[in-house]
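Observations on chain architecture
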2 protein chains.
Amino acid sequence: MSKGLVVALSGGVGGAKLALGLSRVLPPEELLVVANTGDDFEHLGLSISPDIDTLTYALAGLDNPETGWGRRDETWSFMASIGALGGADWFRLGDRDLATHVERTRRLRDSQTLSQVTADFCRRLGIGARVLPMTDDRVRTRVRSDDGWIDFQDYFVRQQCRPVVQALDFEGAATARPQPDVMAALRGGGLRAVVICPSNPFISIEPILAVPGLRAAIAGAGAPVVAVSPIIGGRAVKGPTAKMMQELGLEASAAAVARRYGDLLAGYVVDPVDAAGVAGLACAVTPAPTLMTTLADKEALARVVLAAADALRQRS
Amino acid sequence: MSKGLVVALSGGVGGAKLALGLSRVLPPEELLVVANTGDDFEHLGLSISPDIDTLTYALAGLDNPETGWGRRDETWSFMASIGALGGADWFRLGDRDLATHVERTRRLRDSQTLSQVTADFCRRLGIGARVLPMTDDRVRTRVRSDDGWIDFQDYFVRQQCRPVVQALDFEGAATARPQPDVMAALRGGGLRAVVICPSNPFISIEPILAVPGLRAAIAGAGAPVVAVSPIIGGRAVKGPTAKMMQELGLEASAAAVARRYGDLLAGYVVDPVDAAGVAGLACAVTPAPTLMTTLADKEALARVVLAAADALRQRS
């Protein structure tokens, strides 16, 4: 018997690990992954959606286990050639990965929505769970540093997160419409849980919450919202989360992430090393190993998150 | 001392062989190759210029000696991936080759002309000679067969030249403007020769001649026009030239190609096996080996063509 739909909010690498875990322990029709598209950008004339791709590659078993992004068994002939022609080569696009961007760009130009393209790619790659962008409209995360406002991928990839982050902006978010199927799922009742994956709160989850209507729909969905901390012992597993928190004047801690999500959270799964640090939070805390290295780790954490949500539902 | 500029009209594979030969025996500033763009098409959202690419790859030493098109040391990961996403995979695009199409498409969308893109690619690839498209405007060769009018690459690649050709049309040619530097070269005086490379007359050379002003400028350039026959002993070295001639009601012969070019030709280089067959032509005939297998073959034929042109100039 179905326990209801699980809606997971996710960025790229870290979030995709838990999304994969969830997809392994849930029937396909009980998982909907909402992907951040604030990292999306246009590069070499191609429409690139890094978080959607990391998620779909992970769920399809096509992900590159060494990098965490891109595809396994990748080749790099395109990159080796583009530079010689004067093309930009700071964003690494593998030859297999490129097929995704070229075909997506063709379809978007042909008036398909990003949701339609993503859904069809998932179907063709054999992914049972749904993956949908937070919106089909254009939202672009921008970073303010000493040099003024720069595009997210300029900060993230070209400058390798070196600039000190003073502020973030999600350009276009204020007028973006939430993805309709996501809203329907949140409003449809019978939801089992909303899971906030262990992604960077500032650049992966907050762009999703910034789309008008989404935060309220999540809060009002009648299901527990359970987050997994992306911070373990004051450090991010991958990426600039901890550095960014310090630069934004926050403590790099699991507790500070939870405070950032505020009263949205009913439950919070943190690594045992952080259990003491989150003792004062209003939400229910579940200490559990959150470092996901193996597939078994991902499945185990998914089960912990679902159990935490189920316990909260029964209590309410 | 400069003997003057040589302007060569060329399609893809066969023409590129002679263009390479010419580039090896001429100083770079004395060769201008005018490329057919009637084969150009949009595929997967990319702007593809097959003849320009075959020429530039050949001149840069990046060509694939096995296929005659595409790049050497090529990999095919993109092709292996695009089909799984529902993308069209009937036109083979290698991973290195793809860099050319992606960067060209980006620049064309950024309002550069095809001439500018091609000139910059040549410079970056170390090509001394100039390669220019016949026009920066859109011309598209179309083929009429039993199924009506179809796009050229549909006929040529997807259907592998199987349809019987009833007629050809160069869509857009009537309003296309000839490439300005090509016109300036033809009108500038001091030309040594105009060389019609051993390309398919119907689909490689006639699209060039169909651009308003180009045929007249070639005829009035004051330099001998010398063609090399693409037919040897009734057969085409590569491609559908002979089949197409028969379907269009012409004899598949070196003589029929020369008659097609008509009074444009001052000189005609044919293989010795065809010398008897072209005996009645009005233009000067030079029998010489025209099958180009080695680099030495290409250079030798280039020298024969230039000598034929120089002899015609001295006579006039």
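A brief structural summary. If you're wondering where the values come from, they're calculated on a predicted model, not measured in any experiment.

**Points about the sheet that holds strand S7 (residues 148–151) of chain A**
All names here are of chain A.
- One open sheet holds the three strands; their spatial order is S7-S6-S8, and the pairing between them is antiparallel. Here the strands that pair on one side only, and so sit at the sheet edges, are S7 and strand S8 (167–171). Ignoring which end each strand starts from, the neighbouring axes of this sheet average 30° apart.
- By the bridge criterion, four bridges tie strand S6 (residues 140–145) to S7 in an arrangement that is antiparallel. Looking across to S7, one finds that Arg 142 is bridged to Asp 151.
- Helix H8 (residues 201–209) rests against S6 and S8 of the sheet, and its axis sits at about 35° to S8.

**A word on the side chain of Thr 105 of chain A**
All names here are of chain A.
- By secondary structure assignment, the location of Thr 105 is in helix H4 (residues 95–109).
- Exposure remark for Thr 105: the relative accessible area of 4% places this residue in the buried category.
- Not counting the four nearest positions on each side in its chain, Thr 105 is found in contact with Gly 45, Leu 46 and Ser 47.

**Focus: the pairing of strand S1 (residues 5–10) of chain A**
All names here are of chain A.
- Within S1, six of the six residues are buried, which leaves the element mostly enclosed by the surrounding structure.
- The alternating pattern of S1 places Leu 5, Val 7 and Leu 9 and Val 6, Ala 8 and Ser 10 on opposite faces, both of which are buried.
- In this structure, S1 lies alongside strand S2 (residues 31–35), joined through five bridges in parallel fashion. Residue pairing in the sheet places Val 7 in a bridge with Leu 32 of S2.
- A crossover connection joins S1 to the parallel S2 through helix H1 (residues 13–25); in handedness this β-α-β unit is right-handed.

**Quick notes on the nonpolar core**
- Residues Leu 18, Leu 22 and Phe 78 of chain A together with Leu 18, Leu 22 and Phe 78 of chain B are the most contacted members of the largest nonpolar core, which totals 102 residues.
- Aside from chain neighbours lying at most four places away, what touches Leu 22 of chain A is Ala 8, Leu 31, Val 195, Ala 302 and Leu 306 of chain A.

Rules of the game
Residues numbered from 1 in each chain as written. Chains lettered and ligands numbered in written order. Predicted model: local features only at pLDDT ≥ 70, side-chain atom pairs only at ≥ 80, totals over all residues. Heavy atoms only, no water. Pairing = 2+ DSSP bridges. Helix = DSSP H or I, 4+ residues; strand = E, 2+ residues; numbered from the N terminus. Axes fitted to C-alpha atoms, helices over the stretch in contact; angles between N-to-C directions. Contact = heavy atoms within 4.5 Å. Buried < 20%, exposed > 50% of the residue type's maximum accessible area, 1.4 Å probe, protein only. Right-handed = clockwise from strand over helix to strand, strands pointing away. Core = buried A, V, L, I, M, F, W, Y, C linked by side-chain atoms within 4.5 Å.

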